Amino acid sequence: MYGNDFGEPLNAAETADYADAVQEYFDGLIGADQRIEPRDAMPDGYRRTLIRQIAQHAHSEIIGMQPEGNWITRAPSLRRKAILMAKVQDEAGHGLYLYSAAETLGVDRAELLDKLHSGQQKYSSIFNYPTLTWADVGAIGWLVDGAAIMNQVPLCRCSYGPYARAMIRVCKEESFHQRQGFEILWTLSRGTEEQQAMAQDAADRWWWPSLMMFGPPDTGDAAAPGGHTEQNMAWGIKRFTNDDLRQKFVDMTVPQAQKLGLVLPDPDLRWNDERGHWDFGAIDWDEFWRVLKGDGPCNEQRLAHRRRAHDEGAWVREAANAHAARQAARQEVA
Amino acid sequence: MSDNWPLWEVFVRAKRGLAHVHAGSLHAPDAELALRNARDLYTRRQEGVSIWVIRSQDITASSPDERDSFFDPAGDKVYRHASFYEVPEDVEYL
């Protein structure tokens, strides 16, 4: 679908004149809102940023299979089970689209997986929270995928062509994820008292971590030191600030919560007529950083499971190689 | 004579941001000439900004007569589409 472009990266040379020429060429494309494609010369910082971001995004997709995968055997009906399997398959597919896009930048996916396994590269901290009840599967679809879509739709216009094209495909597929999540909660919210309470409990636990998915604020005390928002916007990698996207998400979600009869766990949540937006309370950024740095409820479990799956799959990869080698040898004889 | 030249498949990117799309094929003795011939054959009116060529024999394709059984696994999974899910009509942004 993307394909690597074949041949040496064009900015292999390292003279100052060359670097200036690359910058000028690149700035010209970005200035004209053109897409950067794999064989274009690009500043090293742009390439590094994209590799890091796309890798982290890919890692999030495949780690994201775990919290939902937990419920496949316990889904309440065959219909729900088939749907959940289709969704987890989609997450795997999204991870593969993204690793493929990252590879157009000259990295190898085995290397990216190694970095995930060794903790050198991160994944979205949302997946370090546990899925305690069936309603959590609904909340993940509705809130977590809803937030992901909010983040991903602008990425369809990202300046890097292969990433943008991957995101178009991902976004198309994500819309089913969000709707099925809403449908689960919509069903529970019209069910027994216990089912309604289960839906409310899931909303209580997933609301704040979902707001954290947009990342730290762009300005103010809680902003990430050395944040990249400004540079990434100049590069056309990012189209909106974290805070803008978070506000859009809140504005979209509050009426949906009302429809579901759920109370979002924020006493400061109220409509602000003047701003034309929903005001919401302060986010616990200490929790965000704690979870990101490895101290969330499930960090160890997620990585351990991922490593185990990789190690236990080694024989499959070896067998496939052995089969291909034998086929090739047979063809040579014939 | 071109009878001995291998067949190449040509993929053209119409503009930045779009993927390379299959345009057709041609015969050429090597990759370099295939690329130049592809330019002359498929982009005479500036239809593209980038071209890939690949030896046709290096492409593995699914077989048309296996189409039904090959794609069948997705046939009964209508729940992969968002329209499968019933949600109230007056909820926006779903």
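Heads up: these notes are all about the structure in this document.

Cut-off values and rules
- Along every chain, residues carry numbers that run from 1 in the direction the sequence is written.
- By the order in which they are written, chains take letters starting at A while ligands take numbers starting at 1.
- Note on the predicted model: pLDDT of at least 70 is required for a residue's local features to be given, and 80 or more for side-chain atom pairs to be given and counted; whole-chain, interface and lining totals, by contrast, use all residues.
- Only hydrogens and water are set aside; all other atoms, that is, all heavy atoms of the structure, feed into the side-chain values.
- Helix numbers and strand numbers start at the N terminus; a helix is a DSSP run of H or I with at least 4 residues, a strand a run of E with at least 2.
- For the radius of gyration, the atom set is restricted to C-alpha positions; the globular benchmark scales as 2.2 Å times the number of residues to the power 0.38.
- Here's how the labels work: a residue is buried when its accessible area is under 20% of the maximum for its type, exposed when over 50%, partly exposed in between, all with a 1.4 Å probe on protein chains only.
- Accessibility throughout is a Shrake-Rupley quantity obtained with a 1.4 Å probe, and a residue counts as covered only by protein chains that appear here.
- Charge assignment: positive for Lys and Arg, negative for Asp and Glu; neither His nor the chain ends contribute.
- By convention, the point assigned to a charge is CZ for Arg, NZ for Lys, CD for Glu and CG for Asp.
- The contact definition used throughout considers only heavy atoms, calling two residues in contact when any of these lie within 4.5 Å.
- Any residue with relative accessible area above 30% and no salt bridge may belong to a patch, with like charges joined within 9 Å and the nonpolar Val, Leu, Ile, Met, Phe, Trp and Tyr side chains within 5 Å.
- Salt bridge criterion: a side-chain nitrogen from Lys or Arg within 4 Å of a carboxyl oxygen from Asp or Glu.
- Note: buried area is the sum, over both parts, of the accessible area (probe 1.4 Å) each one loses when the two are combined.
- Polar contact is the term for a pair of N or O atoms within 3.5 Å; when the atoms are in protein, one must be able to donate a hydrogen and the other to accept it, and sequence-neighboring residues count only if both atoms are side-chain atoms.
- Classes in brief: Ala, Val, Leu, Ile, Met, Phe, Trp, Tyr, Cys and Pro nonpolar; Asp, Glu, Lys and Arg charged; the others, Gly included, polar.

**Quick notes on the overall build of chain B**
Looking only at helices and strands, chain B features 2 helices and 3 strands. Seen in sequence order, chain B has helices and strands lined up from the N terminus as β-β-α-β-α. By the compact-globule yardstick of 12 Å for 94 residues, chain B is too spread out, its C-alpha radius of gyration being 21 Å. The 94 residues of chain B split such that 24% are buried. A total of about 6800 Å² of accessible surface is found on chain B, and carbon and sulfur atoms cover 50% of it. Between the mean site of the 11 positive side-chain charges and the mean site of the 16 negative ones, chain B shows a separation of 12 Å.

**Focus on the side chain of Asn-242 of chain A**
Mapped onto the fold, Asn-242 of chain A is located in helix H10 (residues 242-260). Every residue in contact with Asn-242 of chain A, bar those within four places of it in the chain, is listed here: Phe-214, Gly-215, Pro-216, Asp-218 and Thr-229 of chain A.

**Here's the deal with a negative patch on the surface**
Residue and element names in this part refer to chain A. Residues Asp-17, Asp-20, Glu-24 and Asp-27 make up a contiguous surface patch of negative charge. Looking at where Glu-24 falls in the secondary structure, it is placed in helix H1 (residues 16-31). Of the residues examined, Glu-24 reaches a relative accessible area of 62% and is grouped as exposed.

**Quick word on the interface of chain A and chain B**
Opposite the 31 residues of chain A that make contact, chain B presents 21 residues. Taken over both partners, the interface formed by chain A and chain B buries close to 2300 Å², and the fraction arising from carbon and sulfur atoms is 59%. The largest contributions to the chain A side of the interface with chain B come from Arg-165, Phe-176 and Arg-179 of chain A, which together make up 26% of the buried area. For the pair chain A and chain B, the interface holds 3 salt bridges. Along the contact surface separating chain A from chain B lie 14 residue pairs in polar contact (both at pLDDT 80 or more). Counting only elements with at least two residues in the side of chain A that touches chain B, the list comes to H1, helix H4 (78-103), helix H7 (161-189) and H10 of chain A. The element contributing the most residues to the side of chain A that touches chain B is H7 of chain A, with 9 residues. For the side of chain A that touches chain B, the residue count by class is 14 nonpolar, 8 polar and 9 charged.

**Structural notes on unusual backbone geometry**
In this structure, Asp-33 of chain A is a non-glycine residue whose phi angle is positive, near 55°. Positive phi, normally seen in glycine, also occurs at Tyr-93 of chain B, with a value near 65°. Within the element layout of this structure, Tyr-93 of chain B appears in the segment after helix H2 (67-71). Overall, Tyr-93 of chain B belongs to the exposed group, its relative accessible area being 55%.

In short, the description is geometric, and any link to function would need to be established separately.
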